[in-house]
Structure formats: structure tokens, C-alpha cells
Amino acid sequence: MIRNLISRRRFLARSAASAVGLGLGGSALTALAFPASARASGADDFGDLQPPDANGLRLPPGFQSQIVARSGQAVANTSHVWHSNPDGGATFATPDGGWVYVSNAEATTLGAGGVGTIRFDAGANIVDAYRILSGTTNNCAGGRTPWQTWLSCEEIPTGRVFECDPFARSSQGVARPALGVFQHEAAAVDPIHQKIYLTEDRTDSLLYRFTSSQYPSLVAGVLEAAQILDPNGQGAIAPGQSRPLAWHVVPDPLASQTSTRFQVAAATRFDGGEGIDYHAGQIYFSTKGNDRVWKIDTATDRIEIRYDRATSAMNALAGVDNVYVAAGGDIYVAEDPGDLQIVALTATGQVKPIVQVMNQSNSEITGPALSPNGRRLYFSSQRDPGTTYEVEGPFLGPSAAALGALPGLALTGALALVAMRGLRDAVASPDALPALSR
């Protein structure tokens, strides 16, 4: 009986990895819904940013915005009060053709962090809002999993990763200390090689990789730290170069005696690890200390610099932070603070601002994520006050936007959701999420 259950879990995990690994990124269900021809265009085709709209956003022609939540105020049509300092976020498809948007609370007061959620119906109307994690501290970014959970990361020296169910009001998340105890920033799942990559927000941070003992369970496994190999052994790398990576086991992921970043002497130091995402066999992550966006080929284990502000001829991106990769391959990078923009690194090499928040100070842009149908972008300006926006437009190109009206699109997303939630239920164990909605 136990052997059969384990075999079934492994079979479902491999099936899900195959399903979501065929070129899917942070917007996995979008990629399932849109054919490749519809995803050929994106930010390359956007026009220049226009003067600010009524919500203080500069957008390309053909895009429009609305405010969906403000910190300290009840979310429309609900009694749920939106949290302060909204940070990393993601969307998850629902069986009725709608979706939920999750948002971390980067509140520094002890126990004041957590995760809030807004639920939308198929028409993008707000129908509910609720909390899925409370009692944690300084929840910065995180990452979505292929089995439809949200990994919320604490950015404190003793920070942990909490796995949350975005669909269940009763979910308060479960700590996953096997992913390491350190100043977490963000996480991204490689479903093909079944590994989780994690960034650390310190000037002397490491890049980590977690391999589960029984994927997709996050209860136990091996945590490693990356070393960039070069002829001099110093981890040096310049734009245009590609270097191999070596991975070294972190002996004590719980940091019971020594901080994780000091346990591997050979590990390469990164200057302020920030956002991270997976797309089409690549891991993309940012480092704020040197305004770089990095790329790792997960098949070859080689790393290169995708964007470097110091050497780029198009250096419109500064203060790199959250990273989100759209289904068409555009890399959305949120600025902290920079010009309070979301900037797209496109497949053709453009560095293109696609959103700018005006008339705010002492803030940063956080939590970019497209709705599962690829037609709406959600993000926040974290302070002054915390404001969460929705921008509607042809993010994946006109042909993809037109396809969004077809009934089959919602069905495709729903079928994908059923498959993923079936996987999650199959791998659930007594120490897994306490409330899995079905």
C-alpha cells in the first residue's frame, strides 16, 4: 500500500514536470492556454509610455489601469483590509475561469507579515479577499509552484519559507525549514529537473538550490550553494561570458551554529539577491547591488549575465528587484526605486519600460504577475501608501488578447488547474498543507 502510494506520487510528479516544463515560466497556465503563434509578440510591440492616467500610471497606448487595493482599506466588495507594504505576488487560475492574486506583506514588525489574497471571477471582478498566512515577519518575495501553492519568503536573518494554499481561507501556511534558514528573498521551481532555486537579500549573499528527497514534497532534501567557476577560481564573470556552475552542499540548512552563507567557503558571493523566476529551461534572477539580471541554463548548469546596467547601451533599468517572466519570454523587472517602473527585457534585446508610477516617493514597485489569460498585469507600489494596481492590455500581443475571448481558453486553464491540484492532493502528507481545497 505504501509502496503503491509512493509510486503514484512519483508518477504524478513526473507527469506534472513534463506538462509544465515545456517552455513554461511564471505564467505557466497562460502558456498552456495560448498557442506559440499567439505568443510571438509582446513588449517589443508596445508603444512609448504616455502621460499619467487618472491613477498616476504611465502606460503604453491601448492599456488602461485601475486600483484594486490600498493598504489599510477594505478590498472592494469585501470586508478584508489590505495589508501594508505589499511585495512579491503571483496569480493562480480557478476552475470557474477566474484567478486569485496573492501578495506578500513586507512588514518588519515581528509577526506582522504574511500573505493576502484577492479573488477575481472570469470577468475580472473582485469576488473575495482573505488572508492565507499570518504571524510571520517581513515576507518579501517568494514563488509559485507547479502544484499550485505559494512559497512566501521571510527576509530576516532567521527567515524561513512558508508553503501556502492560495485557494483556502483556512490556510496559514507551513514552514519549510529544509529550504534553509536565512534572509530569504525569492524562490523559483524548475519542474524539469525538480529543483527549487532561492535568492538571499544580503550584500554577501549566496544563490541556493534545493533538491527534494521526494519531489514535490518540500519536507526534506538537500540544500546547495552555487559557485561560478572560472580559470582563476574567483567566480569572476563579465557580460557576454558564460561560466559553468558548481554546487556545494550546505551542511546545516537550519543554521543552528553558523549562518548558511558562511558554511560553504567556495560559494560565490552575489551582491544583494532579489527576484527570481523560471521560464523555458532558464532561471532568471536579479542582484540589486550591481543592477544585474542573471540567467542560468538548467540543462547545462551554466550562468551568464542577461542585463548589466553598467555596460548596457540601453540602461533604462535601475534598482532591479522582483522578476517575472511572461509566457512569451519577456522578463519583467520591477524597480526599487529606480524610476518606479516595470521594465521588460525582450527577446530582441530591448530594455523597455512598460509601466511607470508617478507622483510617489519613498516607494518601490513589487509583485508583477499576469493573470492566467495574459490580459491583466497586477503589481503594487509598496508605500505612500501601499497600492495594488491592475493594468489591462495586449501583454502577449494582439492575437493572444483576441484569443482570450474564446470559451476554450478558460476550459484549458481549468483543465490545467485540475491536473495540478490533483497532483498537489496526491502528494499531500500529514505534515503538508493543513487545508487543501478541492
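Residues numbered from 1 in each chain as written. Predicted model: local features only at pLDDT ≥ 70, side-chain atom pairs only at ≥ 80, totals over all residues. Heavy atoms only, no water.

## Some points on the overall build of the protein chain
Alright, step 1. Helix and strand counts for the protein chain come out as four helices and 26 strands.
Alright, step 2. Here the protein chain holds 438 residues, and 60% of them are scored as buried.
Alright, step 3. Within the protein chain, contacts between residues at least 6 apart in sequence are counted, and of these 54% link residues at least 24 apart. (Helix = DSSP H or I, 4+ residues; strand = E, 2+ residues; numbered from the N terminus. Buried < 20%, exposed > 50% of the residue type's maximum accessible area, 1.4 Å probe, protein only. Contact = heavy atoms within 4.5 Å.)

## Notes on the pairing of strand β15 (residues 242-249)
Alright, step 1. Taken together, the five bridges between strand β14 (residues 221-228) and β15 define a ladder with antiparallel strand orientation. If you follow A226 over to β15, its bridge partner there is W247.
Alright, step 2. Both β15 and strand β19 (residues 302-308) contribute to a ladder of three bridges, which runs antiparallel. Within the sheet, the bridge partner assigned to R243 lies in β19 and is I303. (Pairing = 2+ DSSP bridges.)

## Brief notes about the nonpolar core
Alright, step 1. Membership of the largest hydrophobic core comes to 37 residues, with the highest contact counts inside it found for Y332, L377 and F379.
Alright, step 2. Aside from chain neighbours lying at most four places away, what touches L377 is Y332, I342, V355, P368, A369, L370, Y389, E390, V391 and F395.
Alright, step 3. Of all hydrophobic cores here, the second largest spans 21 residues; its members include A187, L223, V250 and A267. (Core = buried A, V, L, I, M, F, W, Y, C linked by side-chain atoms within 4.5 Å.)

## A look at the sheet that holds strand β17 (residues 282-287)
Alright, step 1. Here nine strands make up an open sheet; going across it, the order is β11-β12-β13-β14-β15-β19-β18-β17-β16 and the pairing antiparallel. Whereas interior strands pair on both sides, the edge strands pair on one side only; in this sheet they are β11 (184-190) and β16 (273-279). Mean inter-strand twist for the sheet, computed between neighbouring axes without regard to direction, equals 30°.
Alright, step 2. Relative to β17, β16 runs antiparallel, the two sharing five bridges. Residue G273 lies in a different strand from β17, and its bridge partner there is T287. (Axes fitted to C-alpha atoms, helices over the stretch in contact; angles between N-to-C directions.)

## Looking at the confidence of the model for the protein chain
Alright, step 1. Scored by pLDDT, the protein chain comes out at a mean of 86, with 81% of its residues at no less than 70.
Alright, step 2. For the stretch residues 1-40, pLDDT sits under 50, and the model shows 82 contacts to residues farther than four places along the chain or on other chains.
Alright, step 3. Between residues 399-438, whose pLDDT stays under 50, and residues either more than four places distant or in other chains, the model counts 83 contacts. (pLDDT = per-residue confidence, 0-100.)

## Here's the deal with the packing of aromatic side chains
Alright, step 1. Counting across every chain of the model gives 15 aromatic pairs.
Alright, step 2. Between W147 and Y215, the ring centres sit 5.4 Å apart and the planes meet at 90°, which makes this aromatic pair edge-to-face. Placement of the pair is W147 in the loop between β7 (139-144) and β8 (150-154) and Y215 in the loop between β13 (208-212) and β14, with a sequence separation of 68 residues.
Alright, step 3. By relative accessible area, which is 8% here, Y215 ends up buried. (Phe/Tyr/Trp six-rings, centres within 6.5 Å; stacked < 30°, edge-to-face > 60°.)

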